[in-house]
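Results of the structural survey
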Amino acid sequence: MSKIVSKTDLFLGIDDIGTETGECIGWTYFVLPQNGYRWFAQQVSRTLAHAPGLKHFHGKKYKTHYRTAYERFLQVIAEGTNKCLQVRSVNRLYAKHFFSGFIKDIEAISKDALAIAGVADTELIKAMCLASAPIIASLPLLQELGPDLHVIIEMDSDKHLEKLIRKHQHGTLSAEQLLSILVNSYRNQKFRRSPVVDEVRVTKDTRSYMIQAADVVGHFSMNAIFHEIGTASKSKLEKSEVIRSAWGPQFNLPPDLKQEIVLRNNDLVLVNGAAYTFSFGAVIKNWGKFGKPAEIVEDDLNV
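Here's a quick rundown of the structure. (Residues numbered from 1 in each chain as written. Predicted model: local features only at pLDDT ≥ 70, side-chain atom pairs only at ≥ 80, totals over all residues. Heavy atoms only, no water.)

Considerations on the environment of Ile 25
- Relative to the elements of secondary structure, Ile 25 occurs in strand E2 (residues 24-33).
- Judged by relative accessible area, Ile 25 falls into the partly exposed class, the value being 26%.
- For Ile 25, the contacting residues outside a window of four places in its chain are Ile 17, Gly 18, Arg 92, Leu 93, Tyr 94 and Phe 99. (Helix = DSSP H or I, 4+ residues; strand = E, 2+ residues; numbered from the N terminus. Buried < 20%, exposed > 50% of the residue type's maximum accessible area, 1.4 Å probe, protein only. Contact = heavy atoms within 4.5 Å.)

Details of the packing of helix H8 (residues 209-229) against helix H9 (residues 234-247)
- It is the contact of H8 with H9, at a shortest axis distance of 8 Å, that shows an interaxial angle of 110°. On the basis of the axis angle, H8 is roughly perpendicular to H9. Considering how the two elements wind past one another, H8 and H9 form a crossing that is left-handed. Where H8 approaches H9, its residues Val 217, His 219, Phe 220, Ser 221, Asn 223, Ala 224, Phe 226, His 227 and Glu 228 are matched on the opposing element by Lys 236, Leu 237, Lys 239, Ser 240, Val 242, Ile 243, Arg 244 and Trp 247.
- Here the contact of H8 with H9 is composed, by residue class, of eight nonpolar, five polar and four charged. (Axes fitted to C-alpha atoms, helices over the stretch in contact; angles between N-to-C directions. Parallel < 35°, antiparallel > 145°, perpendicular 65-115°, else oblique. Left-handed = near helix turned anticlockwise from the far one by under 90°. Nonpolar A, V, L, I, M, F, W, Y, C, P; charged D, E, K, R; others polar.)

Regarding the sheet that holds E2
- What the six strands build is an open sheet, ordered E5-E4-E1-E2-E3-E8; its pairing is mixed. Each edge of the open sheet is held by one strand with a lone partner, namely strand E5 (196-203) and strand E8 (275-280). Strand after strand, the sheet turns through a mean of 20° between neighbouring axes, direction not considered.
- When strand E4 (residues 150-156) meets E5, the two strands line up parallel, connected through seven bridges. (Pairing = 2+ DSSP bridges.)

Geometric descriptors of this kind do not, in isolation, establish any biological role.
What follows is the structure, encoded as C-alpha cells:
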C-alpha cells in the first residue's frame, strides 16, 4: 500500500479506460490528499475483510456475489468527495486519431530535459513519452486543486511501462525517476499551476488502493455510459446499476453526454472534439475564490 510522505500533498492513482474497439482511449484519475489516505485505506481494508475470498478490487474481474463489497468500495470513494474538495474521480477520454499528435507534443516539449538526463536512444524516448502520457494528461485537470502542491503518482504497469523498464535496466536513474523528470519538464513549460511530481510509482494494481479506485470508477462509469447511450449487455447493465446505487444522486453523467459521445458500430465515439472529460466530485472553476482546499476532518482520520 502507499507510504505516507510528509512533504507530499496529494496521492494520484491512475488506470486506463477504453471502449470496445479502441475508438476512444484514456484514463481514470483518483485523487486523495495525503492526510486522507489513511482514512481511505482503513475503510477499504474493512470492506475487504467483510468479503471472504475477495483480495482486491478490479472492474473486469467483478463477480455478482461480491456486489455488496463493490458497492461499499464505491461508497467509500464517494464519501471522500464529501469530506474534502481535493478528492476527485475524473475520466478523460481521447479520440484515437488525436493520440499520436499528443505523443509528438510530449516528445517535442520534453526532449531537452531528456537530453540533460542523458537519454538519447530513440526507442527509449518513444517508450518514455508513451509511458508518461497518462500522467501528462492529468496535469490540466490537477491545476484546479490549488497552488503550490506536490503529488505522488501510482500507476498500473502496462506494455509501454514494461518496455521502458526493460530498456532502461542500467544507469544512475530508474525508469520511474526518468518519468518524473519528463513530466515535471512538461509541467514547467505548459501547466505550472499543476502539482509538482515528487515520485512516480509503477506497481501492480493489487498493491495499490489508489489504482484499484481508479480502475473500478473508470470501468463501472464507462459501463454506465454504454447503458446511457443505449446499449448494454447484462454485465454492463449490472455494473451501471452498482455505481448508480453506490453513489446515488452523486453519480451525475454530464448533461451534454449524448451530444459529445455517440454509439457507432457498437462502440463509443467522440463526435465534437479530440478529448472529453467528466469529473465526479467538487469541480472548482475559480480556485482563488475558495482559497486553500478544505482538509479532511481530523476526527475522520482516527485509526
